[in-house]
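Descriptive structure summary
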Amino acid sequence: MHRLKSTSTVHRFRFAALLLCTKCVLAPVAGAVLLLALITGNHPLALTGGTLVGLTGLNAFLQWLIATRTGCPLCMTPVLARKQCVTHRHARAFLGSHRLRVALTILLRSRFQCPYCAEFTVIKARHRNRPD
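Given the structure is predicted, the values throughout are model-derived calculations rather than measurements.

Digging into the overall build of the chain
If you tally the helices and strands in the chain, you get three helices and three strands. Secondary structure elements of the chain, listed N to C terminal, follow the sequence β-α-α-α-β-β. For the chain, the C-alpha radius of gyration of 18 Å lies well beyond 14 Å, the compact-globule estimate for 132 residues. When the backbone C-alpha atoms are referred to their principal axes, the chain occupies close to 70 × 40 × 25 Å.

What about the nonpolar core?
Membership of the largest hydrophobic core comes to 24 residues, with the highest contact counts inside it found for Phe13, Val79, Leu80, Ile106, Phe112, Cys114 and Ile123. Elements that contribute at least two residues to this core include exactly helix 1 (7-40), helix 2 (43-67), helix 3 (98-109) and strand 3 (120-125). Top contributing element to this core by residue count: helix 1, with seven residues. Ignoring any residue separated from it by four or fewer positions in sequence, one finds Ile123 in contact with Leu4, Val10, Phe13, Arg14, Ile106, Ser110, Arg111 and Phe112.

Examining helix 1
What sets the pattern is the α-helix's 3.6 residues per turn: residues three or four places apart point alike. Under the 1.5 Å per step criterion, the end-to-end length of helix 1 is 49 Å for 34 residues, consistent within 8% with the ideal 50 Å. Directly after helix 1, the chain includes Gly41, whose backbone phi takes a positive value near 75°.

Let's talk about the packing of aromatic side chains
Counted according to the given criterion, the structure contains two aromatic pairs. Look at Phe13 and Phe112: their rings are 5.6 Å apart centre to centre, the planes differ by 20°, and that puts the pair in the stacked class. With Phe13 in helix 1 and Phe112 in strand 2 (residues 111-113), this residue pair connects regions lying 99 residues apart in the sequence.

Examining a nonpolar patch on the surface
Together, Leu55, Leu58, Phe61, Leu62, Trp64 and Leu65 give the surface a local cluster of nonpolar side chains, amounting to about 590 Å² of exposed area. For Leu58, the position within the fold is in helix 2.

Looking at the side chain of Asn59
Within the secondary structure, Asn59 is located in helix 2. Here Asn59 falls in the buried class, since its relative accessible area comes to 8%. Separated by 2.8 Å, the side chains of Asn59 and Thr22 make a polar contact. Those residues in contact with Asn59 that lie beyond four places of it in its chain are Leu19, Thr22, Lys23 and Leu26.

Some details on the confidence of the model for the chain
Mean pLDDT over the chain works out to 90, with 97% of the residues at or above the 70 mark. The weakest mean pLDDT in the chain belongs to strand 1 (residues 2-4) at 86; the strongest belongs to helix 2 at 95.

A closer look at the sheet that holds strand 3
Across the sheet, three strands lie side by side as 1-3-2; this open sheet has mixed pairing. Of all the strands in the sheet, the pair left with one neighbour each is strand 1 and strand 2. Taking each pair of neighbouring strands and ignoring which way they run, the sheet shows an average axis angle of 35°. Here strand 1 pairs with strand 3 via three bridges, running parallel. The residue bridging Arg3 from the neighbouring strand is Val122, located in strand 3. Packing of helix 1 onto the sheet brings it into contact with strand 1, strand 2 and strand 3, and relative to strand 3 it is tilted by some 120°. Each of strand 2 and strand 3 touches helix 3; the most contacted strand, strand 2, lies at about 155° to it.

Rules used throughout
Residues numbered from 1 in each chain as written. Predicted model: local features only at pLDDT ≥ 70, side-chain atom pairs only at ≥ 80, totals over all residues. Heavy atoms only, no water. Helix = DSSP H or I, 4+ residues; strand = E, 2+ residues; numbered from the N terminus. Rg over C-alpha atoms; globule rule 2.2 N^0.38 Å. Core = buried A, V, L, I, M, F, W, Y, C linked by side-chain atoms within 4.5 Å. Buried < 20%, exposed > 50% of the residue type's maximum accessible area, 1.4 Å probe, protein only. Contact = heavy atoms within 4.5 Å. Expected span 1.5 Å × (residues − 1). Phe/Tyr/Trp six-rings, centres within 6.5 Å; stacked < 30°, edge-to-face > 60°. Patch = residues over 30% accessible without salt bridge, like charges linked within 9 Å, V, L, I, M, F, W, Y side chains within 5 Å. Areas by Shrake-Rupley, 256 points an atom, 1.4 Å probe, with all protein chains shown as cover. Salt bridge = Lys/Arg side-chain N within 4 Å of Asp/Glu carboxyl O. Polar contact = N/O pair within 3.5 Å; in protein donor to acceptor, adjacent residues only side chain to side chain. pLDDT = per-residue confidence, 0-100. Pairing = 2+ DSSP bridges. Axes fitted to C-alpha atoms, helices over the stretch in contact; angles between N-to-C directions.

Structure representation (structure tokens):
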């Protein structure tokens, strides 16, 4: 099992995973609210839906910025960013997404399996032995 470089990297992985999961929930909710506002003709509900769409866009932008720096410690490929790389033959997906599976395992189990090199990584910082 591999470990991450520092505690800031640990926080970056967790925050990017949280943003990816909220994006996957927020986008369908925003679409449903806008559709309901269109069907019912409710103007305040349409404003709420528009706000949710804006928040979804902001969330997606932040996730894109942070996820580009979430590289696997072994292969250095960003595991939470959208890449067109070939995945490992044993890589499994959740709801058709390898990134979503990685994000959920980071949040729920504090570890992940890289979909590109299939190596496990614990979401903990390495301890550096320094002579005192």
